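Below are the chains, spelled out letter by letter.
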Number of protein chains: 2
Amino acid sequence: MPETLTKQILAGKKRAIARLITQIENRQPQAQTALSQLYAHTGRAHLVGITGAPGTGKSSLVSEVAKAYRRQDKTVAILAVDPSSPFSGGAVLGDRIRMQDLTRDAGVYIRSMASRGGAGGLTWAVDDTLKVLDAAGFEVVLIETVGAGQSEVDIVKTAHTIIVVEAPGLGDDIQAIKAGILEIADIFVVNKADNPNVARTVSALQQMLELGRVPGGPVRHHGVSMPVDSPSPPKPVDGGSPWQVPVLKTMALSGEGVEVVVDTIAQHYQHLQASGELAVRNRTRLADELQTVLQVELLRRLLDRLPPHCLSEIIDKLVDKNLTPYEAVQVLLKEATE
Amino acid sequence: MPETLTKQILAGKKRAIARLITQIENRQPQAQTALSQLYAHTGRAHLVGITGAPGTGKSSLVSEVAKAYRRQDKTVAILAVDPSSPFSGGAVLGDRIRMQDLTRDAGVYIRSMASRGGAGGLTWAVDDTLKVLDAAGFEVVLIETVGAGQSEVDIVKTAHTIIVVEAPGLGDDIQAIKAGILEIADIFVVNKADNPNVARTVSALQQMLELGRVPGGPVRHHGVSMPVDSPSPPKPVDGGSPWQVPVLKTMALSGEGVEVVVDTIAQHYQHLQASGELAVRNRTRLADELQTVLQVELLRRLLDRLPPHCLSEIIDKLVDKNLTPYEAVQVLLKEATE
């Protein structure tokens, strides 16, 4: 049975894709079997993260970008990691109707994921879902997040190309540009370009870019980060000229400027390949993923080895302030190895 | 020296508090020594989480709530976990001036934390910082976050009392209310109550509350959650009547409605004590914290035990699709135990 499911997914069958993603979300063990079979078929999709605050028109932009890819005859998957996005419950009617053109298209797959159940759990589910969409043969995967919180920044960081959407007149300009977002953007899009304040937002972004872009290092979790040094770091083919982060203007509702966004995404991908950065980003993403899976497994093994009631008794001691959390960890590790 | 630092912190000295928090942020090992000494003095502060989207006037509300506590002669610490908050770089001048009354007050301590460096790392630093502020004797600790991302929801979840701030006319009403936030709110505050749309926002919130509040379970990370069952679960003293989540209205700029917010926070704390829920929340928080510390320690120990180059070689195999992440974890665990 799982073999049939993976075969169907490799053939791009939407119902099979949906079924496996649901298994991933529900943490059903058979999902791992299917994912192992799909793993060798991953690594071909261009992962594009699109993030921005609510009210920037990010979801409309995602729809228009997907349509532009379809006009180029490229297949697209959209993974919306945001409970208030048009793809899930919180949809406004206009967005739903606009999306219908896309959902009827065989070359498009749309899926939403709610950001419940803890940051790590979501990152994990997103990682696995991206593998399914990649193996299913979608040439471009658009990952849409609200991007205001760290876990959403972490999700969008896994993409090859990161687009940050801004809009004029959303509170003050400085507030709209989240710290941590500026550093990871490969492309800025100022949407709602018909707004009279658009020039101010564009120049605010350009000024911040000129003030110096801090290159984003590997994602760190819980204070320990996995060493990802490659024994033979890829050499830049194009002489290593850095990517100049462009600030583009769009009106997603009319589609204006969207073709330029799609062209710029393609240019960025070419840059990643030519500079060797694609390999570096892929390696970092896999190391992060390995760390997540490893931490879950280590904790599970430790809990399995503990004598009954041991954990509960140690939490009692924490509550009574007889142990600090750091002392409690030492006791737990000792108990588990005895 | 560290003894002097903890003594100064226990005496509420601001410079000592600031020094230890900086050590925590920089992950300096001596911070753990000081934290161990402070641990027995924690558990007295009322932790109040205040969260809301940018533009809700959440930061002004936090200032006014702090001032109201000062009028009651209660000491207050403010921990702002949001890079765009008035307490850090992204401040607008008006907010800075407004905060000056507070920073000069010996009974108020204000600290901001940037949400960089990964979700888990931040949660950890926040947990430890809350312990410092608690041990320093602040009666109320206000934890301010933007609350749009899962990691910020996780941070605010550690509070005893959770306030969600909304404002009328911020995009559509449904979008402003993030999934996952509704379930954890103990008090809703609709700020900017002079806005003509305030009635619509209040009734939208009330309707959503009537539709059924999902009680928030223990925070789950990475698919494994620590069992927190107490051998003797605390019995509700007041017959276990549930807390009715109130929807309050404020105008933070004029201070209107803020006294009611402060009174309601006190009522909620009384409810937590009477119902036994305070003990449950404290236990859950400590179990979550134990899990975070444990996962870091487990990973660190594993990495220490690995032969040189082993990790790098396994990441190579991941990159080349010769191993899946799940297979890679099994290999790493085997290598570390041999």
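It should be emphasised that the depicted structure is a prediction, and the values quoted were computed from it without experimental measurement. (Residues numbered from 1 in each chain as written. Chains lettered and ligands numbered in written order. Predicted model: local features only at pLDDT ≥ 70, side-chain atom pairs only at ≥ 80, totals over all residues. Heavy atoms only, no water.)

1. Thoughts on the overall build of chain A
Thought 1: Counting secondary structure elements, chain A contains 13 helices and 7 strands.
Thought 2: Counting only contacts in chain A whose residues sit at least 6 apart along the sequence, the fraction spanning at least 24 positions is 79%.
Thought 3: When the accessible surface of chain A is split by element, carbon and sulfur atoms take 53% of a total near 13,900 Å². (Helix = DSSP H or I, 4+ residues; strand = E, 2+ residues; numbered from the N terminus. Contact = heavy atoms within 4.5 Å. Areas by Shrake-Rupley, 256 points an atom, 1.4 Å probe, with all protein chains shown as cover.)

2. Topic: the pattern of salt bridges
Thought 1: One pass over the full model with this rule turns up 22 salt bridges over all chains.
Thought 2: Residues Arg283(A) and Asp316(B) are paired through a salt bridge, measuring 2.7 Å at the closest nitrogen-oxygen approach. Residue Arg283(A) is found in helix α11 (residues 277–305), and its partner Asp316(B) is found in helix α12 (residues 310–319); the two belong to separate chains. Note on accessibility: Arg283(A) and Asp316(B) belong to one class, buried.
Thought 3: Here Glu64(B) ties to Lys67(B) by a salt bridge, and the two come within 3.4 Å at their closest N and O atoms. Highlighted residues: Glu64(B) and Lys67(B), both in helix α4 (residues 58–71), separated by 3 residues, approximately one helical turn.
Thought 4: Classification of Lys67(B) as buried rests on a relative accessible area of 17%.
Thought 5: Here the salt bridges share partners, and the residues they tie into one network are Asp128(A), Lys131(A) and Glu289(A). (Salt bridge = Lys/Arg side-chain N within 4 Å of Asp/Glu carboxyl O. Buried < 20%, exposed > 50% of the residue type's maximum accessible area, 1.4 Å probe, protein only.)

3. With respect to helix α3 (residues 30–39) of chain B
Residues that lie three or four places apart on an α-helix share one face, since the helix turns once every 3.6 residues.
Thought 1: Taken residue by residue, α3(B) has Ala31(B), Ala34(B), Leu35(B), Leu38(B) and Tyr39(B) as its buried positions. The arc that holds the buried residues of α3(B), viewed along the axis, is 140 degrees, so those residues lie on one side. (Arc of directions from axis to C-beta.)

4. Points about the packing of helix α13 (residues 325–337) of chain A against helix α11 (residues 277–305) of chain B
Thought 1: Where α13(A) meets α11(B), the closest approach of the two axes is 9 Å, and the angle between their N-to-C directions is 55 degrees. With respect to α11(B), the element α13(A) is oriented oblique. As α13(A) packs across α11(B), the resulting crossing turns out to be right-handed. Contact residues: α13(A) offers Pro325(A), Tyr326(A), Ala328(A), Val329(A), Gln330(A), Leu332(A) and Leu333(A), while α11(B) offers Glu289(B), Leu290(B), Val293(B), Leu294(B), Glu297(B), Leu298(B) and Arg301(B). (Axes fitted to C-alpha atoms, helices over the stretch in contact; angles between N-to-C directions. Parallel < 35°, antiparallel > 145°, perpendicular 65-115°, else oblique. Left-handed = near helix turned anticlockwise from the far one by under 90°.)

5. A closer look at the confidence of the model for chain A
All names here are of chain A.
Thought 1: With 77% of its residues at a pLDDT of 70 or more, chain A shows a mean pLDDT of 80.
Thought 2: With pLDDT under 50 throughout, residues 172–177 is counted as low confidence; its partners more than four residues away or in other chains account for 14 contacts.
Thought 3: In this model, residues 214–223 is a region of pLDDT below 50 whose contacts with residues beyond four sequence positions or in other chains number 22 contacts.
Thought 4: Our summary of model confidence lists the complex with pTM equal to 0.71 and ipTM equal to 0.74. (pLDDT = per-residue confidence, 0-100.)

6. Things to note about the sheet that holds strand β5 (residues 161–166) of chain B
Sheet strands pair by backbone hydrogen bonding; their relative direction is either parallel or antiparallel.
Residue and element names in this part refer to chain B.
Thought 1: If you walk across this open sheet you meet the 7 strands as β3-β2-β4-β1-β5-β6-β7, and the pairing is parallel. In the strand order of this sheet, the two ends are held by β3 (108–113) and β7 (247–249), each with one partner. Each neighbouring strand pair of the sheet contributes to a mean axis angle of 20 degrees, computed without reference to strand direction.
Thought 2: Both strand β2 (residues 76–81) and strand β4 (residues 140–145) contribute to a ladder of 6 bridges, which runs parallel. (Pairing = 2+ DSSP bridges.)

7. Looking at helix α2 (residues 14–25) of chain B
Residues and elements named next belong to chain B.
Thought 1: Taking 1.5 Å of rise per residue, the 12 residues of α2 would be expected to cover 16 Å, and the 16 Å separating its terminal C-alpha atoms lies within 8% of that figure.
Thought 2: Those residues of α2 not exposed but buried are Ala16, Ile17, Leu20, Ile21, Gln23 and Ile24. One side of α2 holds all its buried residues, which, seen down the axis, span an arc of 155 degrees. (Expected span 1.5 Å × (residues − 1).)

8. Digging into the environment of Gly12(B)
Residues and elements named next belong to chain B.
Thought 1: Relative to the elements of secondary structure, glycine 12 occurs in the loop between α1 (2–10) and α2.
Thought 2: Between the C-alpha atoms of glycine 12 and alanine 106, which are 94 residues apart in sequence, the distance is 9.2 Å.
Thought 3: Ignoring sequence-local partners within four residues, the contact set of glycine 12 consists of Ile17 and Ala136.

9. Let's talk about the packing of helix α4 (residues 58–71) of chain A against helix α10 (residues 258–275) of chain A
All names here are of chain A.
Thought 1: Closest axis-to-axis distance for the α4/α10 pair is 9 Å, and the angle between their directions is 70 degrees. It follows that α4 is roughly perpendicular to α10 by the angle criterion. Touching Leu61, Glu64, Val65, Ala68, Tyr69 and Arg71 of α4 are Val258, Glu259, Val261, Val262 and Ile265, all from α10.
Thought 2: A per-class count over the contact of α4 with α10 returns 8 nonpolar, no polar and 3 charged. (Nonpolar A, V, L, I, M, F, W, Y, C, P; charged D, E, K, R; others polar.)

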